[in-house]
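What follows is the residue order along each chain.
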Amino acid sequence: MHTLSASLEADAVKPMPDQDDTLVSHVSSSPPALEDESNSDRLLVVGGQGSYLRLADGREILDGCGGAAVACIGHGVKEVSDAISAQTASVSYVPWGFFDSQSRRDLNKWLWKSSGGHFTKTWITSSGSEAMEGATKLAREYFVWTGEPQRVNFIAREESYHGITLGVLGVGGHVTRRTPFEPLLAPNVYRIPACNPYRQRLSGESDDEFVSRKADELEQAFVRAGPDTVVAFVAEPVVGAASGCIPSVRGYFQAMKAVCDKYGALLVLDEVMCGMGRTGTLHAWEQEGVVPDIQAVGKGLGGGYQPVSAILASDKIVQAMSAKNAAFTHGHTYMDHPVVCAAALRVQQIIERDNLLANVQAQGPYLEKLLRTKLRNHPNVGDIRGRGLFWGVELVRDKASKEPFDPTLQLAHRVQKTALGIPYNLAVYVGQGCAGQGRGDHIMIMPAYNVTRAVVETIVGMFVAVLDDVFGKLNGAGFELE
């Protein structure tokens, strides 16, 4: 007999307890511990100010990563909490389908202006995954409006990550996050190698030759899919969590955009992590010589003060929608939320008023210089890469062969755990998979845009000490590190 059926049958013949029996049973049994309170892996934060987080145990943690590159103006900025309070006092929620708010209109106008008028319509959502899910749906619906419904395929890159919802999880190439859900993921994604010069550049290959090879990989993917079936090429200008701050080679995105244009497909850029100032310009594509048809932004948009992201549509997309007198078939309950919009707008106004992009452009190279100076001779540091205040360090078992560590060692997570402990009290972001197929450990350093030179020095000094500690302990435990 099936176990569930047997259980149901047994329950069906059991006498129902009377009220007193039920009460006694509930009182005498001990409920299981509440998971949130029993999980000691997550440190309890009780406050934050500037670049520091205060823990319940009294320690202060230097936030060297802003979470996942989120806290772009630091913690505890009263101007933003005041803007949230003011908007909540005015109107806290309106349904986006038939009402609008001034804060939403103001943020929309600000984003339009920030792109030089390129993005003429936005949808404000609540997470990067939501924004990328919407961006891929918008790209598909564009071709429904323009009379090419056969376009159903996407091209994306290996070692990429575009969100955790099923649609964009299928687009991304993050093996670890895909694996449990592989049977549920859409098959209409053609994958090409990422743009990773550290691991892919051939001996003696120039930037132009490398880019030409990358463009050919994209062209071959169009051929495999059927050129007139491709909706879009989806990519991050600077790859974030999946590979650890890998910027593209000069000319890469111009070459990829040319291939997309050749076959009539769209370019969708995921700037959820690398955008909104993180790499030194408000939009990362400003440094690539291209402008996307559709873009997603997120983390740096609201700085963590509200859960906010956005889908940005170019005039090309909006004109096609208008020509059909159509609407984007998409929506969430909290889309275009007025409080969220007010918070994001204030964060962006602070970045602009305080000239924080200039600080990113100044402190970013200094962060790079310190990392390279202090770690270039480390036997287990394979690559140091990034842009602006978005830097990654890839750890390798063998520097010459670039062999990664065994994933079961969980080296990046060891580094993170050690950094958070006494005496370092430093938060860094980590990941695995930069070497492909779930292998490769990387650490990411992504401080706030208003970080000072002194804090940058402290972050790097602590990080170097953490690496020495972790590798020293592994050596002492008998691990072969070279």
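Rules of the game
- Residues numbered from 1 in each chain as written.
- Predicted model: local features only at pLDDT ≥ 70, side-chain atom pairs only at ≥ 80, totals over all residues.
- Heavy atoms only, no water.
- Pairing = 2+ DSSP bridges.
- Helix = DSSP H or I, 4+ residues; strand = E, 2+ residues; numbered from the N terminus.
- Axes fitted to C-alpha atoms, helices over the stretch in contact; angles between N-to-C directions.
- Parallel < 35°, antiparallel > 145°, perpendicular 65-115°, else oblique.
- Left-handed = near helix turned anticlockwise from the far one by under 90°.
- Contact = heavy atoms within 4.5 Å.
- Nonpolar A, V, L, I, M, F, W, Y, C, P; charged D, E, K, R; others polar.
- Salt bridge = Lys/Arg side-chain N within 4 Å of Asp/Glu carboxyl O.
- Buried < 20%, exposed > 50% of the residue type's maximum accessible area, 1.4 Å probe, protein only.
- Patch = residues over 30% accessible without salt bridge, like charges linked within 9 Å, V, L, I, M, F, W, Y side chains within 5 Å.
- Areas by Shrake-Rupley, 256 points an atom, 1.4 Å probe, with all protein chains shown as cover.
- Expected span 1.5 Å × (residues − 1).
- Phe/Tyr/Trp six-rings, centres within 6.5 Å; stacked < 30°, edge-to-face > 60°.
- Lys NZ or Arg CZ within 6 Å of the ring centre and 35° of its normal.

(A) Highlighting the sheet that holds strand 17 (residues 439-445). The sheet built from 4 strands is open, its strands ordered 13-14-17-16 with antiparallel pairing. At either end of the open sheet lies a strand with only one pairing partner, and these are strand 13 (381-387) and strand 16 (429-436). Averaged over neighbouring strand pairs, the angle between their axes works out to 30° when direction is ignored. Here strand 13 pairs with strand 14 (residues 390-395) via 6 bridges, running antiparallel. Bridge assignment links R385 to a residue of strand 14, and that residue is G392.

(B) Quick peek at the packing of helix 5 (residues 78-90) against helix 15 (residues 338-353). Where helix 5 meets helix 15, the closest approach of the two axes is 9 Å, and the angle between their N-to-C directions is 150°. As judged from the angle between their axes, helix 5 and helix 15 are roughly antiparallel. Regarding helix 5 and helix 15, the two cross each other, and that crossing is right-handed. Packed against helix 5, whose contacting residues are E79, V80, A83, I84, Q87 and T88, the element helix 15 presents P338, V339, A342, A343, R346, V347, I350 and R353 at the interface. Here the residues of the contact of helix 5 with helix 15 are counted per class, giving 9 nonpolar, 2 polar and 3 charged.

(C) Focus on the pattern of salt bridges. Taken as a whole, this structure holds 22 salt bridges when the rule is applied. Two residues, D82 and K78, come together in a salt bridge whose shortest N-O distance is 2.9 Å. With a gap of 4 residues between them, D82 and K78 both fall in helix 5, about one helical turn apart. For D82, a relative accessible area of 36% gives the class partly exposed. Here K316 makes a salt bridge to D293, at a shortest N to O gap of 3.6 Å. One end of the pair, K316, is in helix 14 (residues 315-323); the other, D293, is in the loop between strand 10 (266-271) and strand 11 (294-297), and 23 residues separate them in sequence.

(D) Structural context of a nonpolar patch on the surface. A surface patch of nonpolar side chains, amounting to about 290 Å² of accessible area, comprises L166, F181 and L184. Mapping L166 onto the fold places it in helix 8 (residues 166-171).

(E) Structural detail: helix 16 (residues 356-375). Counted at 1.5 Å a residue, the expected span for helix 16 with its 20 residues is 28 Å, and the 27 Å between its end C-alpha atoms agrees. Residues of helix 16 that are buried: L356, N359, V360, Q363, G364, Y366, L367, L370, L371 and L375.

(F) Spotlight on the packing of aromatic side chains. Enumeration according to the criterion identifies 8 aromatic pairs in this entry. Look at F405 and F471: their rings are 6.1 Å apart centre to centre, the planes differ by 35°, and that puts the pair in the tilted class. Here the residue F405 occupies a position in the loop between strand 14 and helix 17 (411-420), and F471 occupies one in helix 18 (residues 453-476), the gap between them amounting to 66 residues. Take F405: its relative accessible area is 2%, and that puts it in the buried class. Positioned over the ring face of Y161 is R177, at 4.3 Å from the centre of the ring.

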